[in-house]
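# Secondary and tertiary structure notes
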Amino acid sequence: MTGIARPLHARLYGLPHDPAPVPAALDELLQTLMTARDPNQQHAVLAQLAEQLRNAAEILEWARDNAHWRQLPAPTWEWLRTATDAARDLAAGLDEVRPAFAAPRAPSTTPAPPPPAGHRASTLRR
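In this text the structure is predicted, and so the values were computed from the model without any measurement.

Rules used throughout
Residues numbered from 1 in each chain as written. Predicted model: local features only at pLDDT ≥ 70, side-chain atom pairs only at ≥ 80, totals over all residues. Heavy atoms only, no water. Helix = DSSP H or I, 4+ residues; strand = E, 2+ residues; numbered from the N terminus. Buried < 20%, exposed > 50% of the residue type's maximum accessible area, 1.4 Å probe, protein only. Contact = heavy atoms within 4.5 Å. Areas by Shrake-Rupley, 256 points an atom, 1.4 Å probe, with all protein chains shown as cover. Phe/Tyr/Trp six-rings, centres within 6.5 Å; stacked < 30°, edge-to-face > 60°. Lys NZ or Arg CZ within 6 Å of the ring centre and 35° of its normal. Axes fitted to C-alpha atoms, helices over the stretch in contact; angles between N-to-C directions. Parallel < 35°, antiparallel > 145°, perpendicular 65-115°, else oblique. Left-handed = near helix turned anticlockwise from the far one by under 90°. Expected span 1.5 Å × (residues − 1). pLDDT = per-residue confidence, 0-100. Salt bridge = Lys/Arg side-chain N within 4 Å of Asp/Glu carboxyl O.

### Notes on the overall build of the chain
When its secondary structure is counted, the chain shows five helices and zero strands. Relative to its full complement of 126 residues, the chain shows a buried share of 18%. Of all intrachain contacts in the chain linking residues separated by at least 6 positions in sequence, the fraction that spans at least 24 positions is 49%. When the accessible surface of the chain is split by element, carbon and sulfur atoms take 62% of a total near 9900 Å².

See below:
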C-alpha cells in the first residue's frame, strides 16, 4: 500500500518522487519488480540483479577453489567454472542493457544558438 501512496502523494503535491531502496534478496527483488511502475525503480532492480549475479559468481568461484571441494569430479568442477562464467556474462549483459529501462531524460532546455548573421541575411535575400 505504501508503494502506491508515495507516488500518489508526490504527484498530488508536486513533490519529487523518491523511490524506495531496492532490496537485496532475490525474492524481494522480484516482488519489487512486479510492483514497480517507475522506470527508474525498474532500472534499479536490474542494477541490483546484476550485482547479485556477480555475488553468485564469487560464491561459485569460492566453491570451485575451496580446498575441501577439490575432491569434486572433473565434470562437476567444470560445470562450476561454466556456471561462474555464465553468471558474470549475465551481469555484464544486464549492465549493458539496463540503460534502456531508465526513464527517458527530458530534452535539454538550452536553446540552440542562432545561426551566424551572414547566413540569415543570405536566406532573407532569396
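That shown, we press on.
### Observations concerning the packing of aromatic side chains
Scanning the entire structure with this criterion turns up zero aromatic pairs. Its end group placed over the ring of W77, R64 keeps NZ or CZ at 5.3 Å from the ring centre.

### Quick look at the packing of helix α3 (residues 39-65) against helix α4 (residues 74-97)
At a minimum axis separation of 8 Å, α3 and α4 run at an interaxial angle of 160°. Judged on the interaxial angle alone, α4 and α3 are roughly antiparallel. With respect to the hand of their crossing, α3 and α4 are arranged in left-handed fashion. Together, L46, L49, A50, L53, R54, A57, E58, L60, E61, A63 and R64 of α3 and W77, L80, R81, A83, T84, A87, R88, L90, A91, L94 and D95 of α4 make up the contact between the two elements.

### Considerations on α3
Taking 1.5 Å as the rise per residue, α3 with 27 residues should run 39 Å; its terminal C-alpha atoms sit 39 Å apart, in good agreement. Every buried residue belonging to α3 is among Q41, V45, L46, Q48, A50, Q52, L53, A57, A63 and R64, and all of these are buried. On its buried face, α3 is in contact with α2 (26-35) and α4.

### Some details on the confidence of the model for the chain
Mean pLDDT over the chain stands at 77; residues scoring 70 or higher make up 63%. Per-element confidence in the chain ranges from a low mean pLDDT of 48 for helix α5 (residues 117-125) to a high of 93 for α4. Counting contacts from residues 119-126, a segment whose pLDDT is below 50, to residues more than four positions away or on other chains yields two contacts.

### With respect to the pattern of salt bridges
As enumerated under the stated definition, the model contains nine salt bridges in all. In this structure, D95 and R54 form a salt bridge, with 2.9 Å as the shortest nitrogen-oxygen distance. Here the residue D95 occupies a position in helix α4, and R54 occupies one in helix α3, the gap between them amounting to 41 residues. Judged by relative accessible area, which is 28%, D95 ranks as partly exposed. Note that D65 is salt-bridged to R64, the shortest N-O span being 3.9 Å. The network of salt bridges with common partners includes E58, E61, R64, D65 and R88.

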